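Listed below are the residues making up each chain.
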Amino acid sequence: MEMRFYALDREGRLRVLKDHASLTDDELKTLREGSGIDFKMADSMVENAVSFISYPLGIATHFLVNGKEYLVPMAIEEPSVIAAASKGAKIARLRGGFRASSDPSIMIGQVQVKDVKNLEKAIEEVMKSKDELISIANSKSSLARKGAGAKDLRCRAIDTARGRMLIVELLVDVKDAMGANVVNTMCESIASRVESITDGKVLLRILSNYATYRLVRASARFAREEVGDDAVEGILDAYAFAEADVYRCVTHNKGVMNGIIAVALATAQDTRAIEAGAHAYACRNGRYSPLTHWSKDSNGDLVGSIELPLAVGIVGGLTSTHPLARLSLKILGVGSAQELACIMASVGLAQNFSALHALVREGIQAGHMRLHARKVAMLAGAEGNLLDEVAERLAREGNITVEHARQIINEIKV
Ligand code: MEV
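Notes on the structure in this doc start here. (Residues numbered from 1 in each chain as written. Predicted model: local features only at pLDDT ≥ 70, side-chain atom pairs only at ≥ 80, totals over all residues. Heavy atoms only, no water.)

**Comments concerning the overall build of the chain**
The helix and strand inventory of the chain stands at 17 helices and 10 strands. Along the longest, intermediate and shortest principal axes, the C-alpha atoms of the chain span 90 × 50 × 40 Å. Sorting the 414 residues of the chain into buried and exposed places 50% on the buried side. Across the chain, the fraction of contacts at a sequence separation of at least 24, relative to all contacts at a separation of at least 6, is 71%. Roughly 20,000 Å² of accessible area belongs to the chain as shown, and the carbon and sulfur atoms make up 51% of that amount. Positive and negative side-chain charges in the chain, numbering 51 and 51 respectively, have mean positions lying 3 Å apart. (Helix = DSSP H or I, 4+ residues; strand = E, 2+ residues; numbered from the N terminus. Buried < 20%, exposed > 50% of the residue type's maximum accessible area, 1.4 Å probe, protein only. Contact = heavy atoms within 4.5 Å. Areas by Shrake-Rupley, 256 points an atom, 1.4 Å probe, with all protein chains shown as cover. Lys, Arg positive; Asp, Glu negative; His and termini not counted. Charge placed at Lys NZ, Arg CZ, Asp CG, Glu CD.)

Here's what the structure looks like:
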């Protein structure tokens, strides 16, 4: 999809979305109004509601993931992020775009059992009753009828500051949901039976946000002729810096999460769960590490990959009820939570590529300034080709004010 989406006005962009995702007139109206939720809905969602807060919703372009074209809605307040994701995707597609895969949607639910007198015996008894416990859990949801639901159960004995404890873990295939509600319900449903089997006391019954059975992976090649040989080396040096130094690594991963969380917000995911899981995964080898990996192939192309847990859903919760989240999912055209996860991982990788590419070349501020100059030129009334010319001069001359933009417009028009 070769297009200059950014150069279109709002109506032009909406027309592209309409054609791409067969949006109805009502859906276009929703996008025009930016009407996410009304106060009644806000009031029913949280306590002490007084209002609601909005973010810009933009579209990242050029994403080719597993051979399929995507326009990617991103909700974010930070300038340059959507442009950077699109730029990374544009370069990646020169070598075929992103290859991505996602594990099935297995979530872990934890039941904490304390005061167990004979832990080894209790574990043996719980494992003997595994099928019974799984069927109690499955009686609480329709997932099992769809071939999903609680699939397995395991026990772990852990040493804590308050003595040994037994942790009974349910492994639940939540299919296209994020899964928190169903997993929590299942954990609660088995609690009393677990108590009677173990002769212990159940305390917490809650899902784990460390979704290590729900990993997603994406990779892409970034053509050396586009990246530049010096920048390829620079990105490898930047990556080595992140691997070796936690202060840099947190910022490296923050750049990755700029993309992932923007798509998560646009589709009304639980962003805190995603962040918590991602950063724990970054520590899986005992030290905080980059979520992405960078190397160079024999052709001199830059090769990037990413792996992280992503508990995201396309059904249930706000994803199904928030009008703009539903529209974002329609624009994405995803048929499963796994497909959504593949896109999000690809966006994270593209985002990281573009941040590093900018950092090793002109620095991050130049791009911000160019975008700022465009906004100022627009405010001064510049449109179409004039907009590009005015923005370029504002940035070059380093005087980015509406007044100066008006002067330039007048000069050009004379
Ligand atoms: C800014 O939001 C993100 C970056 O700091 C990421 C990075 O430094 O890699 C540019």
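From this point, the narrative continues.
**Description of unusual backbone geometry**
The residue His-62 is not glycine, and still its phi comes out positive at about 75°. Summarising the element assignment, His-62 is placed in strand 1 (residues 57–65). Residues other than glycine seldom take positive phi values, yet Asp-199 does so here, at roughly 60°. Relative to the assigned elements, Asp-199 resides in the loop between helix 7 (180–198) and strand 7 (201–207).

**A short note on the packing of helix 9 (residues 229–244) against helix 10 (residues 246–266)**
With their axes 6 Å apart at the nearest point, helix 9 and helix 10 run at an angle of 115° to one another. Seen along the crossing, helix 9 lies across helix 10 with a hand that is left-handed. Every residue of helix 10 that contacts helix 9 at Tyr-239, Phe-241, Ala-242 and Ala-244 is listed here: Val-246, Arg-248, Cys-249 and His-252. Looking at side-chain class alone, the contact of helix 9 with helix 10 contains six nonpolar, one polar and one charged residues. (Axes fitted to C-alpha atoms, helices over the stretch in contact; angles between N-to-C directions. Left-handed = near helix turned anticlockwise from the far one by under 90°. Nonpolar A, V, L, I, M, F, W, Y, C, P; charged D, E, K, R; others polar.)

**Considerations on the packing of helix 4 (residues 81–92) against helix 14 (residues 337–360)**
With their axes 8 Å apart at the nearest point, helix 4 and helix 14 run at an angle of 100° to one another. Taken together, the axis directions place helix 4 and helix 14 in an arrangement best described as roughly perpendicular. For the pair helix 4 and helix 14, the contacting residues are Val-81, Ala-84, Ala-85, Lys-87, Gly-88, Ala-89 and Ile-91 in the first and Val-347, Ala-350, Gln-351, Phe-353, Ser-354 and His-357 in the second. Grouping the constituent residues of the contact of helix 4 with helix 14 by class yields eight nonpolar, four polar and one charged. (Parallel < 35°, antiparallel > 145°, perpendicular 65-115°, else oblique.)

**Remarks on helix 11 (residues 271–282)**
Under the 1.5 Å per step criterion, the end-to-end length of helix 11 is 16 Å for 12 residues, consistent within 8% with the ideal 16 Å. Restricting attention to buried positions, one finds in helix 11 the residues Thr-271, Ala-273, Ile-274, Gly-277, Ala-278, Tyr-281 and Ala-282. Viewed along the axis of helix 11, the buried residues span an arc of 160°, placing them on a single side of the element. In this structure, the buried side of helix 11 is in contact with strand 8 (215–222), helix 10, strand 10 (302–309) and helix 14. The N-cap of helix 11, judged by a side-chain oxygen 3.2 Å from the amide nitrogen of Arg-272 a few residues on, is Asp-270. (Expected span 1.5 Å × (residues − 1). Arc of directions from axis to C-beta. Polar contact = N/O pair within 3.5 Å; in protein donor to acceptor, adjacent residues only side chain to side chain.)

**Describing the state of the cysteines**
Any covalent bond linking the sulfur atoms of two cysteines counts as a disulfide. A full pass over the atoms with the stated rule returns zero disulfides. Note on Cys-249: no disulfide assigned, nearest cysteine sulfur contributed by Cys-283 at a separation of 8.6 Å. Here Cys-249 falls in the buried class, since its relative accessible area comes to 0%. (Disulfide = S-S within 2.5 Å.)

**Notes on the site of the ligand**
Lining the immediate surroundings of the ligand are Glu-78, Arg-248, Thr-251, His-252, Lys-254, Gly-255, Asn-258, Ala-355, Leu-359 and Ile-364. Separating an oxygen atom of the ligand from a side-chain N or O atom of Arg-248 is a distance of 2.7 Å. One nitrogen or oxygen atom from the side chain of Lys-254 is found 2.6 Å from an oxygen atom belonging to the ligand. The protein chains hide 84% of the 300 Å² of surface that the ligand would expose on its own. Among the secondary structure elements, those contributing two or more residues to the shell around the ligand are helix 10 and helix 14. For the shell around the ligand, the leading source of residues is helix 10, giving six residues. (Near = heavy atom within 4 Å.)

**With respect to the sheet that holds strand 7**
Read across the open sheet, the four strands follow the order 5-6-4-7; overall the sheet is antiparallel. Bordering the open sheet on either side are strand 5 (149–160) and strand 7, each of which pairs with just one other strand. Across the sheet, the axes of successive neighbouring strands diverge by a mean angle of 20°, strand direction being ignored. Two elements, strand 4 (residues 106–114) and strand 7, share five bridges in a ladder whose sense is antiparallel. Each residue of the ladder has a partner; that of Lys-114, found in strand 7, is Lys-201. The strands that helix 6 (residues 130–138) touches are strand 5 and strand 6 (163–173); relative to strand 5, the one it contacts most, it runs at about 115°. Helix 7 contacts strand 4, strand 5, strand 6 and strand 7 of the sheet and is inclined by roughly 160° relative to strand 7. (Pairing = 2+ DSSP bridges.)

By themselves, these figures tell us nothing about what the structure is for.
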